[in-house]
Amino acid sequence: MKKIIHGILMVAAMTCAVSMNAQTAPRITAAEPAPAADEIVGKYVAAIGGKDAISQVKSIYTESSIAMMGGDNPSSTTLVDGVGFKNETDFNGTKIVQCYTSKGGWSVNPMAGAASPTPMPDDIYNAGKGQINVGGPLYDYAAKGNKIELFGKDGNAWKIKLTSKENVETVFLIDSTSFLVTAVKTKGKMQDQDVDITTKLSDYRKTDVGYMVPYAIDVDLGGQFNLTVTVKKVELNKTIDPAIFEMPKS
């Protein structure tokens, strides 16, 4: 059971990024006219506030509650654009830490036998390092070395597959009316087993600068486990010491 909980918390701590690989999806046919992938992503960028709003966000600090296995677990996330992303989740008196920087990543997970800060494996780092950028991997994707493809629709949502320069793949579902991301579909590792992960995003709210943030995040791990992240507090452009992203000495 401890290993199962560890696997769930690793996903929760990373929110939407755990050893990501894309879900397979059928390609759109010529008989189904659709806007280009770049046009859809452009409308998504406008929907979350546009380049002007995104450029005003230098840091984001959030406090959340993760509902899982009958309990609510406090979690906080600190992001400094292009510098680092750090998530800390408390579970039964144990703190799980996931941290990404532009140079590498590290984690602390006593439930997995890693009570001291440990360097992150390359595959985990490559899967999650896109979180260090405000706007995520879709924003300014080409400049980041990412590629996008349109894979048709899922209900009312366009399916965009993003492939990073490290060949990490993720499928984003973008609502064809609001052009906000409603879900992210990936494959991840839990207890060394491949699991399908679907992360649904909702309750988007506009910040003071116009940047949109989802306040409700529901994660389904292959139908085996579910968890809900409820954002309680969001602070933009808070002064943050970059030293918090440095891996502490054991």
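Residues numbered from 1 in each chain as written. Predicted model: local features only at pLDDT ≥ 70, side-chain atom pairs only at ≥ 80, totals over all residues. Heavy atoms only, no water.

Chemist: Help me understand the overall build of the protein chain in this model?
Modeler: Each helix and strand in the protein chain was counted, giving four helices and 13 strands. Among the 250 residues that make up the protein chain, the fraction classed as buried is 50%. Put simply, of all contacts in the protein chain between residues at least 6 apart along the chain, 49% involve residues at least 24 apart. (Helix = DSSP H or I, 4+ residues; strand = E, 2+ residues; numbered from the N terminus. Buried < 20%, exposed > 50% of the residue type's maximum accessible area, 1.4 Å probe, protein only. Contact = heavy atoms within 4.5 Å.)

Chemist: Any chance you could explain the packing of aromatic side chains here in plain terms?
Modeler: The relative placement of two aromatic rings is captured by the distance of their centres and the angle of their planes. Under the criterion given, the structure shown has two aromatic pairs. Centroid distance F85 to Y100: 6.3 Å. Interplanar angle 55°. Geometry classified as tilted. Of the two residues, F85 is situated in strand β3 (residues 84-91) and Y100 in strand β4 (residues 94-101); the sequence distance between them amounts to 15 residues. On the basis of relative accessibility, which here comes to 0%, the residue Y100 falls in the buried class. For the ring pair Y100 and Y125, a centre distance of 6.3 Å and an interplane angle of 25° mean the geometry is stacked. Of this pair, Y100 sits in strand β4 while Y125 is found in helix α4 (residues 122-128), placing the two residues 25 residues apart along the sequence. For the residue pair Y100 and Y125, the accessibility class agrees, reading buried in each case. Put simply, the rings of F85, Y100 and Y125 touch in pairs and so form one group of aromatic residues. Just above the ring of W158 sits the side chain of K153; from NZ or CZ to the centre is 4.7 Å. The aromatic ring of Y215 is capped on one face by R205, whose charged end is 4.1 Å from the ring centroid. (Phe/Tyr/Trp six-rings, centres within 6.5 Å; stacked < 30°, edge-to-face > 60°. Lys NZ or Arg CZ within 6 Å of the ring centre and 35° of its normal.)

Chemist: Looking at this structure, how should I read the environment of K206?
Modeler: One can find K206 in strand β11 (residues 193-206). Judged by its relative accessible area of 62%, K206 falls in the exposed class. With 157 residues separating them along the chain, K206 and G49 place their C-alpha atoms 8.2 Å apart. Each residue touching K206, except ones within four places of it in the same chain, is listed here: Y211 and M212.

Chemist: Please clarify how unusual backbone geometry should be interpreted in this entry.
Modeler: Excluding glycine, residues mostly carry a negative phi; peptide bonds, for their part, are mostly trans. Residues other than glycine seldom take positive phi values, yet D140 does so here, at roughly 55°. Along the polypeptide, D140 turns up in the loop between α4 and β7 (147-154). A residue is classified by how much of its surface remains accessible, and D140, at 44% relative accessible area, is partly exposed. Although it is not a glycine, N167 adopts a positive phi angle of roughly 65°. Along the chain, N167 falls in the loop between β8 (157-163) and β9 (169-175).

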